[in-house]
Amino acid sequence: KPKVAARPGESTEGQGGRSEKMASESARAPSRAAALGLVGLLFCAMAALRVCADGTLGPRDLKKAKLVKGGDGSDYYYADNLAPGFASELCKDHGSAIGVFRGPYLQAGGHDRVIVRWSSEAQGFGVVCYGTSPGNMASVAFDEESFPRGTEHSVSISGLLPSTEYYYVVAVTSAQRLAPVEKEVEAFSGWGGSPRAEEDSWSFLVEEVEEAGTGLEGSSLGIVSPGAYHSFSTFPRPLRDSPPPVRVWAIGDSGMGDDNARRVRDAFLNFTGGDWDLTLGLGDLAYGSGREYEYQRNLFDVYQEQNARIPIFTTPGNHDRPTSDMWKQTGPYFDLFTNPGDGNSGGVASNHKSYYSFDYGKVHFVSVDSQELGLH
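A quick note: this is a predicted structure, and the numbers were derived from the prediction, not measured.

Enquirer: How should I be thinking about unusual backbone geometry in this particular structure?
Expert: Comment: phi is negative for the bulk of residues other than glycine, and the bulk of peptide bonds are trans. In this structure, Pro104 follows Gly103 across a cis peptide bond, with omega equal to 5 degrees. By the element assignment, Pro104 lies in strand β7 (residues 100–107). For the bond running from Tyr287 to Gly288, omega is -5 degrees, close enough to zero to count as cis. Structurally, Gly288 can be placed in the loop between β15 (278–281) and α6 (292–300). The phi torsion at Gln329 lies on the positive side, around 60 degrees, for a residue other than glycine. Mapped onto the secondary structure, Gln329 falls in the loop between β16 (312–314) and α8 (332–336). One non-glycine residue, Asn351, lies in positive phi territory at about 55 degrees. As for its placement among the helices and strands, Asn351 is situated in the loop between α8 and β17 (356–360).

Printed below as a string of structure tokens:
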């Protein structure tokens, strides 16, 4: 188990806001009535006392661990993508080849689905190649219809297995390359990204190979360089599975994106070993007015590696509001975040982007916009 320095409880204040971090672990899920703001205190109180006293939780799964390279604990890498991976040839153009400048970041996580979002300099169809092994990311999912052939990409992956680790890589492919198979994809499952779990359901997307004895017969897989792919874990089944101790990172007023925010981030990574289940963004994620470039500088650049592995669920604050209309659900906040108002991550559908709920096993989370909409 890697040795990491812990700085639990570290918080800093900046101009008009503060960066806070809260790590939580519970041996028993709280009831639906548990207040979201108290979740960290409840979890810590219910956990073994040694966890709180040690000053470190450490990684539960060394495959996901953050490993320290430098002496100060801020120079680190992850253990989930150190070796080359193999993915469908549709993901041949990935990483620096397509100029990914935002993300990828995970949204609307659930027990059987996740939404992967990113922005690229290259235009085209967004593609996610994924699988339960980094050596066989052969299943594919495509951009949703609301993000067609552009530089903003949102890919919904459904039909996943609960409590399962997946590996994925994001890519962009051309309309010309997809033209011969687009009609087949539509006819098979609708354009939008159902998984190809069976070979005969996705083999038409990749070339057949003659080579035997590789364990990858029946498809052509391309090499994905280390660091270009990531892993994520689906949630336990809602209301049915009792998850192991759950870890939640809740951050609010974190939108300065300065050295203080990075120190808080690194302290939390040291505390958990880089291994937790979901992130809650409690508002004011981009100072001063929630403009797109402020989200990029103060959120996506700071937490790039973390958001690629752990789903982040957000709630708007007053500094997210000036450039976004909470009533009309328009503006940068709504353009950048896809929260599960559709109810497909558990709970009841709100059909609204400002408030929603979701389940992590038997734990129910509710996000309410108390800044603008309120309970009038």
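Enquirer: Where do I start with α6 in this structure?
Expert: It helps to recall that an α-helix has 3.6 residues per turn; residues three or four apart then point in one direction. Taken residue by residue, α6 has Glu294, Tyr295, Gln296, Asn298, Leu299 and Phe300 as its buried positions. Elements that come into contact with the buried residues of α6 comprise β7, α7 (304–307) and α8.

Enquirer: Is there a simple way to think about helix α5 (residues 259–272) in this case?
Expert: Taking 1.5 Å of rise per residue, 14 residues should cover 20 Å, and α5 covers 20 Å from first to last C-alpha, within 8% of that figure. Burial within α5 is extensive, with 10 of its 14 residues counted as buried. Inspection of α5 places Ala261, Val264, Arg265, Asp266, Ala267, Phe268, Leu269, Asn270, Phe271 and Thr272 among the buried residues, and these make up the whole buried set. Of the residues trailing α5, Gly273 is marked for its positive phi of about 70 degrees.

About the thresholds
- Residues numbered from 1 in each chain as written.
- Predicted model: local features only at pLDDT ≥ 70, side-chain atom pairs only at ≥ 80, totals over all residues.
- Heavy atoms only, no water.
- Helix = DSSP H or I, 4+ residues; strand = E, 2+ residues; numbered from the N terminus.
- Buried < 20%, exposed > 50% of the residue type's maximum accessible area, 1.4 Å probe, protein only.
- Contact = heavy atoms within 4.5 Å.
- Expected span 1.5 Å × (residues − 1).

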